[in-house]
Structure formats: structure tokens, C-alpha cells
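Chain residues, written in single-letter form:
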Amino acid sequence: MTFERRSRGTDNTNKRDGPVTKPKPEDFAPGKVAMDVRTDILCHPATIYPLVGSIGAVVCAVFIPATLPLTAGIATIGLIASGGSWYYNYVVKGEEKVAQRYADLRQQRRQYEEQELQQLTLECKKIKFASGVAEATELNAAYQPLLDYFQEKLAKRSIATVEQFQLLAADTYKQGVSVLEKALDVTKALSAFNIKALEREVEGWKEELSKAKEGSTKAKTLEQQIASHTRRLDLYNKRQDLQLELLAQVNEIECALQTTYLELVDLGNGDISSFLDRDSDASHRLRTAVEAARRVEDRLKGRNTEDEQQLDKYRKAARREQQ
């Protein structure tokens, strides 16, 4: 499910050159943000250069006393300029700079998420997993308009319910990426099977078995080979079903994100706080999609270890056949 969108978050002017590092959770802590803002203000050219000039003037006065009247004036002007810059940036513009710091961190986190999704898309393309490529594109298209909407609402002032719901939407998006990664892993596992060759061999052996003498060594060998290939085919079918189920869960997450955005647009200037409240239908919709996806992941983690060992054996066998 897709629709046209205009995204500020994917504008090339907002992207950085090279890999983007993921902000740590502690980077969003109020104390850490305040310290970073103070550091930026102290290192601002309008603060640091006049201060350096004042220090230079004092040093000059120490070594050349005759310049004291001039250097004293320079030092005073420098201190006033440096202190004025600090006061303006920290006291007058402090809250605005803190808000901008949070916005920069959110933007950096979003750029990292997009970078991560692009890498996942490349992995899907590499193994010709077309459904994975499509779902990755649609997941990003479903999340970005919602993110843009929240950024616009938070640009002027902090709204607790919007911030909380934004975190829920981000968790929903991350869950979609996680499920898509699992689908990619399953698809890679499926590539270890040459399913057509297995089916041809089973059919051929069944035909030979029908002609072989019952109870003979040849018949027992054929029965063993057929049983082995049948187990491999059963395992392939199970994994294929799981792949489809994982993709269906990604689609459910996309639908939940898109529906929420469209309802917010329809809401217009209505009561957004009630709409985004923790107990609202919108919150319940996203949590339900996340919980359903996690249940599928949990089932995947709980798969029989014997199946995993068999799958690893088939991968090795497939690699030997290709050599």
C-alpha cells in the first residue's frame, strides 16, 4: 500500500555525506543535551574569539607595560563581547537551542534509520528478493509522512502526547524493519534449496522404486533417498510459509502507520491530544501491529533446533554441489 508524499526528511539538503552514526539513548537525556548546548555556546566563534583577544591583550600588557591603556581597553571590549555572546545564546536563545539540539538528534536518528533501510534494500536486491525490496520501500513511505507531521507539530512547542506517540510510531517502524530483516534471513535460507532439482529427483526415484524388487537393497536405498528429500521439501515449504507470514506482518505495520497519518490529516485542527492519547484507537492500532509482529518473531526464535541443524546441513550440501 503506497501513496504520494512530500518528505522533508528525505530531502538531499538534509542528508550528510558519508555514513551516519546512530545517536545513543543517553544523547537524548536532558542533562546531556544541556551540557552539549553549553559546550556549543562556549565554543561559538562570537564567544571564543573575543575572549582569546582579551587574553592576548592581558599578556601583551604584562610583557609591555607601556601598552597598558590600549590593551586594557581591548581586553575590556573583548570580555564584554564574549560575555554578551554567551548571555544572548545561553539565556535569551537557550530554550530555542535546546529544542534545536533535540531536532538535530531526531534528524540524525532518522538519517541512520534510512541508511539502515537502504542497506537492507540492497541486501534484498542482491539475492533478488523483490517482495523484500517492495516492502522496504513501502514501509519507509508509510512512516515518513507521519514523522514529518510530528516534526511540524513539535517545531513550535513541546506537546507531551505528540512526543509519546512519536516514540510509539518509531517503535512500530523499527519493528517493521526487524521483521523485514527476519524475512530476508529466511529468504537467504531458502536459496540453499534447489527445489526443482529435489522434486525431479524424488519423482525419478519413485518411478525406480515402483520397478525395484520389494525389500531389495536398491528399494531400501531409494526409500531412504526419497524420505531425505521429502524432509527437505517439507522444511522448504515451512520456511516459505514463514516468509509469507513475515511479509504479511510488515504489510500490517505499513497499514497501521498509513491509517494513522490519514486520520491525523482528516482531524485537521481537532483535538490532537485526545487522538494520540495512550488509550486511543490510534495508539491501540500501532501497539497491536507491533505485538502481532513480535509474536511471529518469537515463533521463529522458538523453531525446532533440529530443523536449524538440518537447514545448515542442506546449505553446506548446496555449496558443495556448486563447487
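Residues numbered from 1 in each chain as written. Predicted model: local features only at pLDDT ≥ 70, side-chain atom pairs only at ≥ 80, totals over all residues. Heavy atoms only, no water.

Engineer: Could you give an account of the nonpolar core, naming the residues involved and the relevant values?
Structural biologist: Of all hydrophobic cores here, the largest spans 56 residues; its most connected members are Phe150, Leu257, Leu264 and Leu276. At the level of secondary structure, the elements contributing two or more residues to this core comprise helix 4 (94-126), helix 5 (130-154), helix 6 (160-190), helix 7 (195-211), helix 8 (217-267), helix 9 (272-275) and helix 10 (281-301). When residues of this core are assigned to their parent elements, the largest contribution, 15 residues, is made by helix 8. Those residues in contact with phenylalanine 150 that sit more than four places away from it in its chain are Val162, Phe165, Gln166, Ala169, Leu264 and Leu276. (Core = buried A, V, L, I, M, F, W, Y, C linked by side-chain atoms within 4.5 Å. Buried < 20%, exposed > 50% of the residue type's maximum accessible area, 1.4 Å probe, protein only. Helix = DSSP H or I, 4+ residues; strand = E, 2+ residues; numbered from the N terminus. Contact = heavy atoms within 4.5 Å.)

Engineer: Requested: an account of helix 10, with residues and values cited.
Structural biologist: An α-helix turns once per 3.6 residues; consequently, residues spaced three or four apart project the same way. When the terminal C-alpha atoms of helix 10 are compared, their 30 Å separation across 21 residues agrees well with the 30 Å that a helix rising 1.5 Å per residue should span. What helix 10 keeps buried is the set Ala282, Ser283, Leu286, Ala289, Val290, Ala292, Ala293, Val296, Glu297 and Leu300. Elements that come into contact with the buried residues of helix 10 comprise helix 6, helix 8 and helix 9. (Expected span 1.5 Å × (residues − 1).)

Engineer: Account for helix 8, with residues named and values stated.
Structural biologist: Along its 51 residues, helix 8 runs 75 Å from first to last C-alpha, staying within 8% of the 75 Å computed at 1.5 Å per residue. Glycine 268 sits one or two positions beyond helix 8 and adopts a positive phi of about 60 degrees.

Engineer: Give me the lowdown on the pattern of salt bridges, citing residues and values where you can.
Structural biologist: Counting across every chain of the model gives eleven salt bridges. Two residues, lysine 126 and glutamate 123, come together in a salt bridge whose shortest N-O distance is 3.6 Å. Of the two residues, lysine 126 and glutamate 123 both sit in helix 4, three residues apart, roughly one turn of that helix. The network of salt bridges with shared partners includes Asp27, Lys32, Asp36 and Arg101. (Salt bridge = Lys/Arg side-chain N within 4 Å of Asp/Glu carboxyl O.)

Engineer: Tell me about the confidence of the model for the protein, and name the residues and values.
Structural biologist: Predicted confidence across the protein gives a mean pLDDT of 80, with 85% of residues reaching 70 or more. Here helix 11 (residues 305-322) stands out as the element of the protein with the lowest mean pLDDT, 52, in contrast to helix 5, whose mean of 89 is the highest. Contacts from residues 1-16, a stretch scored under 50 in pLDDT, to residues over four places away or in other chains number 38 contacts. (pLDDT = per-residue confidence, 0-100.)

Engineer: A description of the environment of valine 265 should follow, citing residues and the corresponding values.
Structural biologist: Looking at where valine 265 falls in the secondary structure, it is placed in helix 8. Residue classification places valine 265 among the partly exposed residues on the basis of a relative accessible area of 44%. For the pair valine 265 and leucine 146, spaced 119 residues apart in sequence, the C-alpha separation works out to 9.7 Å.

Engineer: Could you give an account of the environment of leucine 146, naming the residues involved and the relevant values?
Structural biologist: Along the chain, the position of leucine 146 falls in helix 5. Sequence separation of leucine 146 and alanine 169 is 23 residues, and the distance between their C-alpha atoms is 8.1 Å. Ignoring any residue separated from it by four or fewer positions in sequence, one finds leucine 146 in contact with Ala169, Leu257, Thr260, Tyr261 and Leu264.

Engineer: Can you explain unusual backbone geometry? Please cite residues and give values.
Structural biologist: Trans is the common state for peptide bonds, and a negative phi is the common state for residues other than glycine. For lysine 128, which is not glycine, the phi torsion reads 60 degrees and is therefore positive. Tracing the backbone shows lysine 128 in the loop between helix 4 and helix 5.

Engineer: Help me get a handle on the packing of aromatic side chains, residues and values and all.
Structural biologist: By convention here, two paired aromatic rings are described through the distance between centres and the angle between planes. As enumerated under the stated definition, the model contains four aromatic pairs in all. Measuring from ring centre to ring centre gives 5.1 Å for tryptophan 86 and tyrosine 90, while their planes differ by 20 degrees; the resulting arrangement is stacked. Residue tryptophan 86 and its partner tyrosine 90 are both found in helix 3 (residues 68-92); the two are separated by four residues, about one turn of the helix. Classification of tryptophan 86 as partly exposed rests on a relative accessible area of 34%. Classification of tyrosine 90 by relative accessible area gives partly exposed; the value is 32%. Note on tyrosine 143 and tyrosine 173: the rings are 4.4 Å apart at their centroids and 15 degrees apart in plane angle, and the pair reads as stacked. Pair noted here: tyrosine 143 is in helix 5 and tyrosine 173 is in helix 6, with a separation of 30 residues, a long-range link. A relative accessible area of 3% means that tyrosine 143 is categorised as buried. A residue is classified by how much of its surface remains accessible, and tyrosine 173, at 1% relative accessible area, is buried. What links up through ring pairs into an aromatic cluster is the set Tyr149, Phe150 and Phe165. When the ring centre of tyrosine 173 is taken as origin, the NZ or CZ atom of arginine 110, which lies over that ring, is 5.1 Å away. (Phe/Tyr/Trp six-rings, centres within 6.5 Å; stacked < 30°, edge-to-face > 60°. Lys NZ or Arg CZ within 6 Å of the ring centre and 35° of its normal.)

Engineer: A description of a nonpolar patch on the surface should follow, citing residues and the corresponding values.
Structural biologist: Together, Leu51, Ile55, Val58, Val59, Val62, Phe63, Ile64 and Leu79 give the surface a local cluster of nonpolar side chains, amounting to about 760 Å² of exposed area. Counting residues per element, the nonpolar patch draws most heavily on helix 2 (residues 45-63), which supplies six residues. For valine 62, a relative accessible area of 58% translates into the label exposed. (Patch = residues over 30% accessible without salt bridge, like charges linked within 9 Å, V, L, I, M, F, W, Y side chains within 5 Å. Areas by Shrake-Rupley, 256 points an atom, 1.4 Å probe, with all protein chains shown as cover.)

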